Amino acid sequence: MALKRLAVITSGGDAPGMNACIRAICLTAESQQIEVIGYRSGYIGLIKQDYIKLTSSMVHNLIQRGGTILHSARCEKFRQDEYVKKAAENLNENNIDGLIVIGGNGSFKGAEKLGEYWDKPIIGCPGTIDNDIAGTDYTIGYHTAIQTAVESIDKVRDTAEAFERIFLVDVMGREAGFIALNSAIASGADHVLLPETFTSAAEELVKILDKLDKRRHHRANSSHIIVITENLWPGGLNILKDSLYAETGVDVRILTLGHVQRGGSPVWQDRLLATKLGDYAVTAMLNGESGVMAGVRSALPVSVEFKYVHNKDKNLNPYSMKMLDTITLLG
Ligand code: F6P
């Protein structure tokens, strides 16, 4: 089947670099005389037949822009078959020959579901700051989120140090510790709490107090930065804050980084990754591939079946985990 008209959506949590991916898709498609349609607000646009035509002139000056010009959404309705069927009908009515979904795990599940009702190729590009997608070393937006977290921790370290305070820094990641682990290492944080290794509040509190104690002997009168993946501490971070104050008498403050980690201009790693994966997705579709995610392994693009992506857990880097205790103990 000839590929004359392809559609693209950005879906789920937006991520810096999504625009760079849209740009690459448009440029590569146009070089092959393929028309590109951008549906707005993820799967909602497919259901509502809400789209715009994308051209190379429209994606000029876009590679460095955060957010997504197509807007994004988490579409609850797409869990219901009637809406998935409607999306398939709309794609057919619009003569779309293939769809590229830029998004995370939830968006790829939606893509698989759509594949049950629509017989044209669907390819995913991993776009999420969480980096929690199996089959790809990195996801679009992840490096920028780490950069933002590191810059914020560097800044908070200055005031923490001045007041000799403990800071609890809450970073995003949903149920994965990639952002927490790497922003903690890169900012020289004193401790990190990860969903992958968290046991119980009582046990983790003992570990934190033990570390604070060792550090205080090593370097008195200094700050302590503890990086924590969002939603991890049972009952919320105020509980940990109160426990730490009660045990140490040291002032504790909480910094929740939140959605700033999703914004801003993508760093070069995300621009490069987004461009590679956007180009690869179009090329793979032209080669007849479907039902796969365009991932990256050892800097090279690869096709990974959606089934693999859904059924496999992605582990934190074992070497980073191994060195964690050494590098966060005394420095
Ligand atoms: O998946 C990206 C992400 O930013 C997660 O890190 C976070 O848990 C979630 O999205 C927040 O979602 P929302 O923007 O809907 O609050």
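Everything that follows concerns the structure shown earlier in this document.
Here the structure is a predicted model, which is why all the values come from computation and not from measurement. (Residues numbered from 1 in each chain as written. Predicted model: local features only at pLDDT ≥ 70, side-chain atom pairs only at ≥ 80, totals over all residues. Heavy atoms only, no water.)

**Quick notes on the site of the ligand**
At step 1: Every residue near the ligand is listed here: Arg74, Thr128, Ile129, Asp130, Met172, Gly173, Arg174, Glu230, His259 and Arg262.
At step 2: Between an oxygen atom of the ligand and a side-chain N or O atom of Asp130, the distance comes to 2.7 Å.
At step 3: Arg174 is positioned with one of its side-chain polar atoms (N or O) 3.3 Å from an oxygen atom of the ligand.
At step 4: Coverage of the ligand by the protein amounts to 75% of the 400 Å² it exposes when considered alone.
At step 5: Looking at the shell around the ligand residue by residue, the classes come out as two nonpolar, three polar and five charged.
At step 6: Each of domain 1 (5-141 + 266-311) and domain 2 (144-262) gives at least three residues to the shell around the ligand. (Near = heavy atom within 4 Å. Polar contact = N/O pair within 3.5 Å; in protein donor to acceptor, adjacent residues only side chain to side chain. Areas by Shrake-Rupley, 256 points an atom, 1.4 Å probe, with all protein chains shown as cover. Nonpolar A, V, L, I, M, F, W, Y, C, P; charged D, E, K, R; others polar. Domains from an automatic or database assignment.)

**Let's talk about unusual backbone geometry**
Note: most peptide bonds trans; most residues except glycine with negative phi.
At step 1: One non-glycine residue, His71, lies in the positive phi region at around 65°.
At step 2: If you trace the backbone, His71 turns up in the loop between β3 (51-54) and α3 (81-93).
At step 3: Despite not being glycine, Ser298 has its phi angle at roughly 50°, a positive value. (Helix = DSSP H or I, 4+ residues; strand = E, 2+ residues; numbered from the N terminus.)

**Digging into the packing of aromatic side chains**
At step 1: Across all of its chains, the model carries six aromatic pairs by this definition.
At step 2: Their ring planes at 55° and their centres at 5.5 Å tell us that Tyr39 and Tyr51 sit as a pair that is tilted. One end of the pair, Tyr39, is in strand β2 (residues 35-39); the other, Tyr51, is in strand β3, and twelve residues separate them in sequence.
At step 3: Classification of Tyr39 as buried rests on a relative accessible area of 0%.
At step 4: Taken together, a centroid distance of 6.1 Å and an interplanar angle of 20° make the contact between Tyr138 and Tyr142 stacked.
At step 5: Aromatic rings pair up to connect Tyr138, Tyr142 and Phe178 into one cluster.
At step 6: Taking the ring centre of Phe178 as reference, the NZ or CZ of Lys314 above it sits at 5.4 Å. (Phe/Tyr/Trp six-rings, centres within 6.5 Å; stacked < 30°, edge-to-face > 60°. Buried < 20%, exposed > 50% of the residue type's maximum accessible area, 1.4 Å probe, protein only. Lys NZ or Arg CZ within 6 Å of the ring centre and 35° of its normal.)

Don't take any of this as a statement about function, it's just geometry.
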